[in-house]
Amino acid sequence: MASGGEAAAWVPQKEGLREICGLLQQQMAPTADDKSAVWQKLEHYSQFPDFNNYLAFIFARAEGISVEVRQAAGLLLKNNLRSALKTMPPTNQQYIKLELLPCVGAADKQIRSTAGTIISTFVQIGGVAEWPELLHALVKCLDSNDVNHMEGAMDALSKICEDVPQVLDSDISGLSERPINAFVPRFLQLFQSPHATLRKLALGSVNQYVMLMPTVLSVSMDKYLQGLFLLANDPTPEVRKLVCAAFVQLIEVRSSVLEPHLRNVIEYMLVVNKDQDDEVALEACEFWSAYCEAELPPENLREFLPRLLPILLSNMAYSDDDESIVEAEDLKPRFHASRFHGSEDVEDEDDDIVNVWNLRKCSAAALDFISNVFGDEILPTLMPIVQAKLSATGDEAWKDREAAVLAFGAIGEGCINGLYPHLSEIIAFLVPLLDDKYPLIRSISCWTLSRFSKYIVQGTAHREGHDQFDKVLTGFLRRLLDDNKRVQEAACSAFATLEEEAAEELVPRLDVILQHLMCAFGKYQVHCAPPLNVLYSSYVRRNLRIVYDAIGTLADAVGGELNQPKYLEILMPPLITKWQQLSNSDKDLFPLLECFTSIAQADPISAGSPYDKEFIVCCLDLLSGLTEGLGPGIESLVSQSNLRDLLLQCCMDDAYDVRQSAFALLGDLARVCPVHLHPRLAEFLDVSAKQLNPPKLKETVSVANNACWAIGELAIKVRKEMSPVVLTVVSALVLILQHPEGLNKSLIENTAITLGRLAWVCPELVSPHMEHFMQSWCIALSMIRDDIEKEDAFRGLCAMVRANPSGALNSLVFMCKAIASWHEIRSEDLHNEVCQVLHGYKQNELMTTHCLLEMLPDAQGWSMGTMHVRFGATCEGQATEVSTTMILVLENFHCMPSCKIHTVIPVIWSCCLLALIIGGIFSWGCIWAMISSSFLIGS
């Protein structure tokens with residue numbers, strides 16, 4: 001397309017340049033008939049090695065070309081770089097870079113901004129080490145007095161800081177210091193710039209590093225704070241918004257630096273929480289939730305509550321131009337979140353509009369947080385304001401009444417103790433509002449009542465409460481059939497919440513409930529004539545989903561009670577008809593299959609085989625539901641399918657949620673039909689083990705959790721066939737137990753259980769390494785509730801101790817606490833195994849005592865008196881804890897025939913030594929308590 005040569009000598013051919021410019025103009029033309037043909041031609045040209053050089057030339061210096069066409073060339077170049085940069089010839093890369101740098105200081109703002117976008121893309125893909133001229137050029141621009149150059153450099157840097165902040169905070173070969181060290185001082189200096197754009201970009205760039213906190217920002221913290229206070233009253237709203245964002249980030253991750261200035265920061269936030277600019281007020285409002293979440297001392301905020309609470313309530317009222325008011329009037333539909341997977345990525349574009357986070361929602365969330373921190377003490381300040389708003393009359397006051405109902409819901413959890421004596425009156429007040437003439441009052445009343453679902457259900461024990469439950473339930477069912485889509489959604493969500501709490505209370509009312517749900521199902525599918533048919537088409541899709549959600553929740557709540565012909569005749573025909581109407585590529589199939597997943601546990605139903613990721617996840621969940629519902633009955637279906645091979649593919653899928661559901665199904669199948677997994681068992685074990693130690697475990701914790709559980713289920717079925725992967729899995733499990741920070745409780749529990757199951761089936765492989773993980777493992781075991789999985793884990797513990805008794809000696813106190821965590825071991829054989837383990841240590845009293853003493857480097861040869869002098873009596877609380885633990889252990893095994901006084905006393909002696917070693921000494925009362933308990937047990 002052009003004459004070859006070095007990058008600096010490259011020049012475009014006039015004909016190629018003219019044709020590409022023409023295509024770009026056609027692509028941008030609003031009246032272009034066939035943009036796809038234009039796009040195909042551009043795609044054809046992109047196959048030429050120097051096509052991107054043409055785009056760079058057009059963007060940087062094409063004469064006589066409009067700014068819009070130049071910008072289009074730049075954006076196309078940016079998109080091409082994402083796929084082509086790594087394979088692009090170095091000479092072409094160099095040419096593009098040389099053309100870009102002068103554009104940073106271009107006179108036109110659009111060109112500068114697009115140049116910054118392209119530069120950021122270069123840095124995202126290739127870093128800055130391959131473009132040393134860039135950093136020098138940006139520094140030079142910042143140090144110039146040319147506003148265009150300064151703004152262009154800051155625009156590029158702000159995008160780099162937002163997209164890949166870590167790149168500038170890393171060591172670069174050939175540079176004496178990290179790039180961020182050169183830029184942060186210049187950013188802070190620009191806080192004082194007379195140009196609002198520079199102040200905004202500089203502050204936004206520094207804010208990107210609050211979480212990372214590089215050394216240069218840490219040592220410049222005082223200057224940063226001074227800059228924030230300087231910009232606090234900036235005339236530009238965007239700058240004030242960034243100031244608020246900075247304080248929010250600091251209170252979340254570096255609250256200590258704000259402590260000396262906390263009163264001033266709170267005072268400032270109170271002022272800007274009432275800012276005329278809603279975005280500034282919204283960012284300020286985030287501060288209150290962040291403060292509460294950071295678990296900072298409440299007293300710092302307490303004195304400001306009388307001023308803060310009225311502001312929050314004021315901001316909770318709808319504004320006159322709120323889009324939700326328009327939405328409620330024209331029935332514009334709104335998305336209802338899926339219970340299973342979340343469907344943010346599959347919704348229409350207008351979801352972002354109707355679900356936007358705004359000042360009203362943020363204020364309600366802040367009130368919720370504050371009520372959970374301060375509890376009932378906010379009621380004396382809050383309730384008079386709420387009551388005044390509720391008592392306001394007239395059509396013009398409906399927004400205040402709606403905000404007051406929202407406030408009741410927001411404090412429903414945190415202030416429940418103070419509200420509880422009046423809860424019956426509150427509910428009695430709210431129920432009539434379900435029939436209010438204003439749709440937004442009807443919808444918020446549904447939500448607020450649902451917040452009290454637990455207490456409404458609890459009240460059914462007496463007649464008044466029973467009547468009140470019926471009124472709430474029938475009110476929700478009426479609103480399911482409301483003509484307003486917002487009310488329909490709120491009623492379905494509220495009803496689903498009530499279902500979860502009510503469970504068996506719903507059984508006598510199933511007929512009425514199903515009639516209303518299926519009536520709503522039919523109502524939501526009614527289409528209207530133009531011009532509203534497009535609007536209602538979206539309305540139909542979204543509100544059907546919340547009905548599916550309510551039906552699925554009902555099935556979960558009542559379980560097998562739903563599996564009766566009279567109910568299934570109401571429920572299934574409309575759902576099956578809808579299913580048959582949908583093609584396998586229709587995304588409306590996704591929530592319908594989720595609904596079937598729940599119903600399947602009461603009445604198994606077959607489903608189709610969609611192909612998109614969303615459908616794969618839903619089908620995996622449906623299969624899990626069928627497996628759980630049918631149990632071993634699923635075996636005949638599995639044997640006649642290629643499920644095993646498909647499941648293995650899903651376990652290796654790139655999509656996080658596909659793998660999460662795949663490993664859940666793997667564990668379910670391992671429970672009921674492991675024989676059908678056997679031909680590819682080694683592959684299943686290998687891919688499962690890889691999930692336990694990914695580079696970013698915290699980001700894939702649910703996948704790891706399900707994979708860990710599946711390995712444990714497989715282990716107890718295939719037993720010795722686990723041998724090839726046991727040590728690999730154990731190594732990963734031990735790392736999780738030793739570094740549990742930031743991981744959820746479920747993963748820690750499943751890790752402990754799976755480790756125990758592996759030890760149970762392969763003790764000879766696991767026990768030689770037990771001393772490296774016994775303490776952290778026993779701590780995790782002690783937190784697990786009594787169930788059959790805990791029994792499996794303790795069978796592994798006993799098997800390992802039998803294989804390697806000395807491996808547990810240094811962790812004896814932790815093992816005792818783990819054993820004492822049982823409320824009751826119902827399995828007689830496990831009970832006997834644990835007794836044997838304890839008895840084994842009692843019989844080897846001298847070895848046990850010697851090992852316990854060796855836990856302290858200079859403890860050998862000490863007498864009890866010497867120990868008392870060494871440790872003193874300051875830690876009797878710890879000693880009492882150990883004595884209590886040992887008593888619990890002894891009491892738990894009171895039926896052991898050999899447990900007489902001559903075997904109990906050595907245990908008490910060992911326990912006393914153990915308590916001394918960990919830092920305390922028994923009082924005589926503690927020792928006497930143990931001896932007394934032992935005599936009673938021994939007798």
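Remember, it's a predicted structure, so these values are computed and weren't measured experimentally.

S.K.: Teacher, can you tell me more about the overall build of the protein here?
M.R.: Counting its regular elements, the protein contains 52 helices and two strands. The proportion of buried residues among the 939 residues of the protein is 55%. Taking the intrachain contacts of the protein between residues at least 6 apart in sequence as the baseline, contacts between residues at least 24 apart amount to 74%. Just so you have it, the protein exposes about 41,600 Å², and 53% of that area is on carbon and sulfur atoms.

S.K.: Please explain the packing of helix α39 (residues 681-690) against helix α40 (residues 701-718) as it appears in this structure.
M.R.: Any two packed helices are characterised by the angle at which their axes cross and by the distance between the axes. Contact pair α39 / α40: the axes reach a minimum separation of 9 Å and the direction vectors enclose 145 degrees. Of the two possible hands of crossing, α39 and α40 adopt the one that is left-handed. Contacts from L681, L685, S688 and A689 in α39 reach A707, I711, L714 and V718 in α40. Its residues assigned to classes, the contact of α39 with α40 shows seven nonpolar, one polar and no charged.

S.K.: Just checking my understanding: could you explain the packing of aromatic side chains for this structure?
M.R.: The geometry of an aromatic ring pair is captured by the separation of the ring centres together with the interplanar angle, meaning the angle of the planes. Across all of its chains, the model carries 17 aromatic pairs by this definition. Judged by centre distance (5.3 Å) and plane angle (85 degrees), the rings of F287 and W288 are edge-to-face. With relative accessibility at 0%, the residue W288 sits in the buried group. Aromatic pair F773 and W777: ring centres 5.9 Å apart, planes at 70 degrees, arrangement edge-to-face. Judged by relative accessible area, which is 2%, F773 ranks as buried. In this structure W777 comes out as buried when scored by relative accessible area, which is 0%. Aromatic rings pair up to connect W10, Y54 and Y95 into one cluster. R719 extends its terminal NZ or CZ atom over the ring of W760, reaching a point 4.7 Å from the ring centre. The lysine or arginine in question, R795, covers the ring of W760, its NZ or CZ lying 5.6 Å from the ring centre.

S.K.: Any chance you could explain the nonpolar core here in plain terms?
M.R.: Looking at soluble globular proteins, one finds that nonpolar side chains tend to be buried together. Formed by 295 residues in total, the largest nonpolar core has its most connected members in Y224, W288, L367, L575 and M815. When neighbours within four sequence positions are excluded, L367 is seen to be in contact with L309, L312, L313, M316, I378, L382, A407, A410 and I411.

S.K.: Teacher, can you tell me more about the side chain of T121 here?
M.R.: Position of T121 relative to the elements: it lies in helix α6 (residues 109-126). The class of T121 is buried, set by a relative accessible area of 1%. Filtering out sequence-adjacent residues up to four positions away, T121 remains in contact with K78, L81 and R82.

S.K.: How should the pattern of salt bridges be read in this particular structure?
M.R.: Two side chains of opposite charge can pair, provided their charged atoms sit close to one another. By the definition in use, this model includes 38 salt bridges. The shortest N-O distance in the salt bridge between E279 and K241 comes to 3.2 Å. In this pair, E279 is assigned in helix α17 (residues 278-293) and K241 in helix α14 (residues 237-253), connecting sequence segments 38 residues apart. Of the residues examined, K241 reaches a relative accessible area of 29% and is grouped as partly exposed. The partner of R671 in a salt bridge is E713, and the shortest N-O contact between them spans 3.4 Å. Here the residue R671 occupies a position in helix α38 (residues 656-672), and E713 occupies one in helix α40, the gap between them amounting to 42 residues.

S.K.: Would you take a moment to explain α40 for this structure?
M.R.: With 18 residues, α40 extends 26 Å between its outermost C-alpha atoms, agreeing within 8% with the 26 Å of an ideal straight helix rising 1.5 Å per residue. Counting buried positions along α40 gives 15 out of 18 residues, so the element sits mostly inside the fold. Looking one or two residues past α40, R719 carries a phi angle of roughly 50 degrees, positive in sign.

S.K.: Could you clarify how one ought to interpret the environment of T117 in this entry?
M.R.: Tracing the backbone shows T117 in helix α6. As a C-alpha pair, T117 and A156 span 39 residues in sequence and 6.5 Å in three-dimensional space. Residue contacts for T117: discarding those within four places in its chain leaves K78 and K159.

S.K.: What am I meant to see in the environment of S205 here?
M.R.: By the secondary structure assignment, S205 is in helix α11 (residues 196-207). The spacing of S205 and S158 is 47 residues in sequence and 5.1 Å in space, taken between C-alpha atoms. Contact partners of S205, with chain neighbours within four places excluded, come to M154, L157, S158, C161 and F187.

S.K.: Sorry if this is basic, but what is going on with the confidence of the model for the protein here?
M.R.: Where the model shows low pLDDT, its predicted coordinates should not be examined in detail. On average, the protein scores 82 in pLDDT, and the residues at 70 or more come to 82%. Across residues 527-536, confidence stays below pLDDT 50; counting only partners more than four residues off in sequence or on other chains, it has seven contacts.

S.K.: Honestly, the packing of helix α37 (residues 643-651) against α38 in this entry has me stumped. Any pointers?
M.R.: Closest axis-to-axis distance for the α37/α38 pair is 8 Å, and the angle between their directions is 140 degrees. Regarding the angle of α37 to α38, the classification is oblique. At the point where α37 passes α38, the crossing takes the left-handed sense. Residue-level inspection shows L643, L647, C650 and C651 of α37 in contact with α38, the latter providing V658, R659, A662, F663, L665, L666 and L669. Considered class by class, the residues forming the contact of α37 with α38 number ten nonpolar, no polar and one charged.

S.K.: How should unusual backbone geometry be read in this particular structure?
M.R.: Excluding glycine, residues mostly have negative phi values, and the peptide bonds linking residues are mostly trans. Residues other than glycine seldom take positive phi values, yet E295 does so here, at roughly 55 degrees. Checked against the element boundaries, E295 lands in the loop between α17 and α18 (299-302). For R719, which is not glycine, the phi dihedral falls at a positive 50 degrees. Structurally, the position occupied by R719 is in the loop between α40 and α41 (723-738).

S.K.: Would you mind showing me how to read helix α45 (residues 788-803) here?
M.R.: Because an α-helix packs 3.6 residues into every turn, residues spaced three or four apart end up facing the same way. Between its first and last C-alpha, α45 extends 23 Å over 16 residues, near the 22 Å set by a 1.5 Å rise per residue. Between a side-chain oxygen at the N-terminus of α45 and the backbone nitrogen of E789 the separation is 3.2 Å; the capping residue is D787.

S.K.: Teacher, can you tell me more about the side chain of E499 here?
M.R.: Mapped onto the secondary structure, E499 falls in helix α30 (residues 485-502). Residue classification places E499 among the buried residues on the basis of a relative accessible area of 0%. At 3.5 Å, the side chain of E499 and the backbone nitrogen of L554 are in polar contact. In this view, E499 contacts L506, A550, T553, L554 and A557; residues no more than four positions away in its chain are not counted.

Calculation rules
Residues numbered from 1 in each chain as written. Predicted model: local features only at pLDDT ≥ 70, side-chain atom pairs only at ≥ 80, totals over all residues. Heavy atoms only, no water. Helix = DSSP H or I, 4+ residues; strand = E, 2+ residues; numbered from the N terminus. Buried < 20%, exposed > 50% of the residue type's maximum accessible area, 1.4 Å probe, protein only. Contact = heavy atoms within 4.5 Å. Areas by Shrake-Rupley, 256 points an atom, 1.4 Å probe, with all protein chains shown as cover. Axes fitted to C-alpha atoms, helices over the stretch in contact; angles between N-to-C directions. Left-handed = near helix turned anticlockwise from the far one by under 90°. Nonpolar A, V, L, I, M, F, W, Y, C, P; charged D, E, K, R; others polar. Phe/Tyr/Trp six-rings, centres within 6.5 Å; stacked < 30°, edge-to-face > 60°. Lys NZ or Arg CZ within 6 Å of the ring centre and 35° of its normal. Core = buried A, V, L, I, M, F, W, Y, C linked by side-chain atoms within 4.5 Å. Salt bridge = Lys/Arg side-chain N within 4 Å of Asp/Glu carboxyl O. Expected span 1.5 Å × (residues − 1). pLDDT = per-residue confidence, 0-100. Parallel < 35°, antiparallel > 145°, perpendicular 65-115°, else oblique. Polar contact = N/O pair within 3.5 Å; in protein donor to acceptor, adjacent residues only side chain to side chain.

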